[in-house]
Amino acid sequence: MRMMFEEKARPLPITGKMVQDAFKKVRANQGGAGIDKVSLTQFEEKLSENLYKIWNRLSSGSYFPPAVREHEIKKDNGKTRKLGIPTVGDRIAQQVLKDYLEPRLEAVFHDNSYGYRPLKSAHQALASVSENVRKYAWVIDLDITAFFDNVAHDKMMLALDRHVEEKWVRMYITRWLEAPIAKANGEIVTRDGKGTPQGGVISPLLANLYLHYTFDKWMEQQFPELAFVRYADDIVIHCQTEKQACYVLEKVQTRLNECNLSVHPEKTSIVYCKDYRRMETGKKTKFDFLGFSFHPMGKKSNRDGVFLGYDCEISKKSYSKIVGVLRNSKFDRWAKSWDDIVVLLNDKIRGWIQYYDKYRRSTLTNVFHRFHNRLAKWICNYYKKYNGSINRAFKHLKYVRRHYPNLFYHWEIGYPLV
């Protein structure tokens, strides 16, 4: 991609290459149109012109972000989660500033913070929790109420001031924090000194900075003997005793309140990591983290056979979502060919395996058993010669699996047919 940018000096150190690189990242992440209804495809129709405008305004200090389009996503409990969708151009502008700021903030972030960070992952966070529950008998499963809606702008800027001397950077961050919200009904709502859109490119970086000082640094100073794992605003704190967990939770509640945040009373709990060494009864022994459930379960040992361990597997909520995708696809009623099914589901299957296969593979085996049952129903509908016989349909499915072992991703890596 070649772009022509004026060579004359600009007031701010933003180059054309920075804008081009930001666009490539935004394009890779895809995403919907913002308030201007311009999609990525439409933006690329006048790519040089559009990128030049962004660079020209950013580098001159005259860039002002448009309103953020609010989009509501239904949650399992019937409530909705609000996402803020910036325009394509604004996502590129945010990416420019994120790329500029991220290296210096990464240098100060805590090792136990894993969310939305380069070279950090959800799997690393899960592995850390798995290691910690062997050392600590109790967990505080901490949920912050509507974190992104309640980030205090003044405190955010205080945290930013510790690491950012450039006035122009602080100016643009302020403008993004104060960008109005465009409701679905067309109403434009201004912010009242708090909140950062969940869905903005730079929001996760700012959220990590806010929680670095609100929680990570504070936790390190107040309770250096304890372990914790944070993935964005999902937090697990490990404690030695129930009494200690109650005390720490009380202190954390106070700390969050001081920073304009609060603990969700219904979603926060103290959990006992019960295993063969810890046999108290009458305690809550399960918590969910990043789509997995940690709870007591049978573990195999070459020396001792089966013993009671404490580990994780795909959560019931995640399992139900995957099964729901298969059920709601209803491909057994409409698919005209094997290719239709592959195109519809193979990328999803790959994603499920890449994320959930790491722990307790047997749960995904159950998912694919359901998928194979639906494939057998489709075979019955598609090949009339089987006269609705599921047994004969499964024989045909075995034939297809044997001759086309790479048709579906889970077949390719060796998941069983039944």
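Residues numbered from 1 in each chain as written. Predicted model: local features only at pLDDT ≥ 70, side-chain atom pairs only at ≥ 80, totals over all residues. Heavy atoms only, no water.

Caption draft 1: Region of interest: the overall build of the chain. Tallying secondary structure elements over the chain gives 16 helices and 11 strands in all. Principal-axis analysis of the C-alpha atoms gives the chain an extent of 75 × 60 × 40 Å. The contacts in the chain between residues at least 6 apart in sequence include a share of 68% that link residues at least 24 apart. Here the chain contributes 69 positive and 47 negative side-chain charges, whose respective centroids are spaced 7 Å apart. (Helix = DSSP H or I, 4+ residues; strand = E, 2+ residues; numbered from the N terminus. Contact = heavy atoms within 4.5 Å. Lys, Arg positive; Asp, Glu negative; His and termini not counted. Charge placed at Lys NZ, Arg CZ, Asp CG, Glu CD.)

Caption draft 2: Local environment of the environment of V343. Here V343 is to be found in helix α13 (residues 338-356). We classify V343 as exposed; its relative accessible area is 70%. (Buried < 20%, exposed > 50% of the residue type's maximum accessible area, 1.4 Å probe, protein only.)

Caption draft 3: Summary view of the sheet that holds strand β9 (residues 287-289). The sheet built from three strands is open, its strands ordered β9-β10-β11 with antiparallel pairing. Unpaired on one side and paired on the other, β9 and β11 (305-314) mark the two borders of the sheet. In this sheet, neighbouring strand axes are inclined to one another by 50 degrees on average, regardless of whether the strands run parallel or antiparallel. Note that β9 and strand β10 (residues 292-301) share three bridges and pair antiparallel. Bridged to F287 within β10 is F294. (Pairing = 2+ DSSP bridges. Axes fitted to C-alpha atoms, helices over the stretch in contact; angles between N-to-C directions.)

Caption draft 4: Fine view of the packing of aromatic side chains. By the definition in use, this model includes 28 aromatic pairs. Both rings, one in F223 and one in Y247, keep their centres 6.2 Å apart while their planes meet at 85 degrees; by these two values the pair is edge-to-face. Placement of the pair is F223 in the loop between α9 (203-222) and β6 (227-231) and Y247 in helix α10 (residues 242-258), with a sequence separation of 24 residues. What makes F223 buried here is its relative accessible area of 9%. According to the relative accessible area criterion, Y247 is partly exposed, its value standing at 45%. Aromatic ring contacts, followed pair by pair, group W338, W378, Y382, Y383 and Y386 into a single cluster. Over the face of the ring belonging to Y415 we find R361, whose NZ or CZ atom lies 4.1 Å from the ring centre. (Phe/Tyr/Trp six-rings, centres within 6.5 Å; stacked < 30°, edge-to-face > 60°. Lys NZ or Arg CZ within 6 Å of the ring centre and 35° of its normal.)

Caption draft 5: Focus on the sheet that holds strand β2 (residues 80-85). Taken together, the four strands give an open sheet; going across it, the order is β2-β1-β4-β5, and neighbouring strands pair in mixed fashion. Only two strands of the sheet have a single neighbouring strand rather than two, namely β2 and β5 (188-189). With six bridges connecting them, strand β1 (residues 68-74) and β2 associate as antiparallel partners. Across the sheet, residue E70 finds its bridge partner in β2, namely G84.

Caption draft 6: Broad picture of the packing of helix α7 (residues 153-161) against α9. Across the interface, α7 lies against α9 with an axial gap of 9 Å and an inter-helix angle of 85 degrees. Relative to α9, α7 is oriented roughly perpendicular. Note on element contacts: α9 touches α7 through L206, A207, L209, Y210 and Y213, opposite K155, M156, A159 and L160. (Parallel < 35°, antiparallel > 145°, perpendicular 65-115°, else oblique.)

Caption draft 7: How the structure looks around the side chain of T214. Its location among the elements puts T214 in helix α9. Exposure remark for T214: the relative accessible area of 4% places this residue in the buried category. A distance of 2.8 Å separates a polar atom in the side chain of T214 from the backbone oxygen of Y210. With residues near it in sequence (within four places) discarded, T214 still touches R255, L256, C259 and L261. (Polar contact = N/O pair within 3.5 Å; in protein donor to acceptor, adjacent residues only side chain to side chain.)

Caption draft 8: Examining a positive patch on the surface more closely. A cluster of basic residues, K75, K79, R81, K267 and K321, forms a positive patch on the protein surface. Position of K267 relative to the elements: it lies in the loop between α10 and β8 (269-272). Given a relative accessible area of 38%, K267 falls into the partly exposed group. (Patch = residues over 30% accessible without salt bridge, like charges linked within 9 Å, V, L, I, M, F, W, Y side chains within 5 Å. Areas by Shrake-Rupley, 256 points an atom, 1.4 Å probe, with all protein chains shown as cover. Salt bridge = Lys/Arg side-chain N within 4 Å of Asp/Glu carboxyl O.)

Caption draft 9: A look at helix α5 (residues 122-135). An ideal rise of 1.5 Å per residue puts 20 Å on 14 residues; α5 measures up with 20 Å between its terminal C-alpha atoms. Within the sequence span of α5, burial applies to A122, H123, A125, L126, S128, V129, S130, N132 and V133. (Expected span 1.5 Å × (residues − 1).)

Caption draft 10: Examining the packing of helix α1 (residues 16-29) against helix α3 (residues 47-60) more closely. Axis separation between α1 and α3 bottoms out at 10 Å; the angle between their running directions is 120 degrees. As judged from the angle between their axes, α1 and α3 are oblique. At the point where α1 passes α3, the crossing takes the right-handed sense. Judged by residue contacts, G16, V19 and F23 of α1 engage L47, L51, I54 and W55 from α3. Grouping the constituent residues of the contact of α1 with α3 by class yields six nonpolar, one polar and no charged. (Left-handed = near helix turned anticlockwise from the far one by under 90°. Nonpolar A, V, L, I, M, F, W, Y, C, P; charged D, E, K, R; others polar.)

Caption draft 11: Layout of the pairing of β10. A loop of two residues connects β9 with β10, the two strands running antiparallel in sequence, and L290 in this loop sits at a positive phi of about 55 degrees. Summarising the sheet, β10 and β11 pair through 10 bridges and their orientation is antiparallel. Note on β11: the bridge partner recorded for M297 is G309.

Caption draft 12: Molecular detail of the side chain of R117. Structurally, the position occupied by R117 is in the loop between α4 (88-106) and α5. Sequence-distant contacts of R117, defined by excluding residues within four places in its chain, comprise E106, F109, H110 and N208.

Caption draft 13: Spatial organisation of α13. Compared with an ideal rise of 1.5 Å per residue, which puts 19 residues at 27 Å, α13 spans 25 Å between its outermost C-alpha atoms and is within 8% of the ideal. Of all the bends found along α13, the most pronounced is centred on L345 and spans about 40 degrees. Along α13, the residues that are buried comprise W338, I341, V342, L345, N346, I349, W352, I353 and Y356. (Bend = angle between axes of the 7 residues up to and from the residue.)

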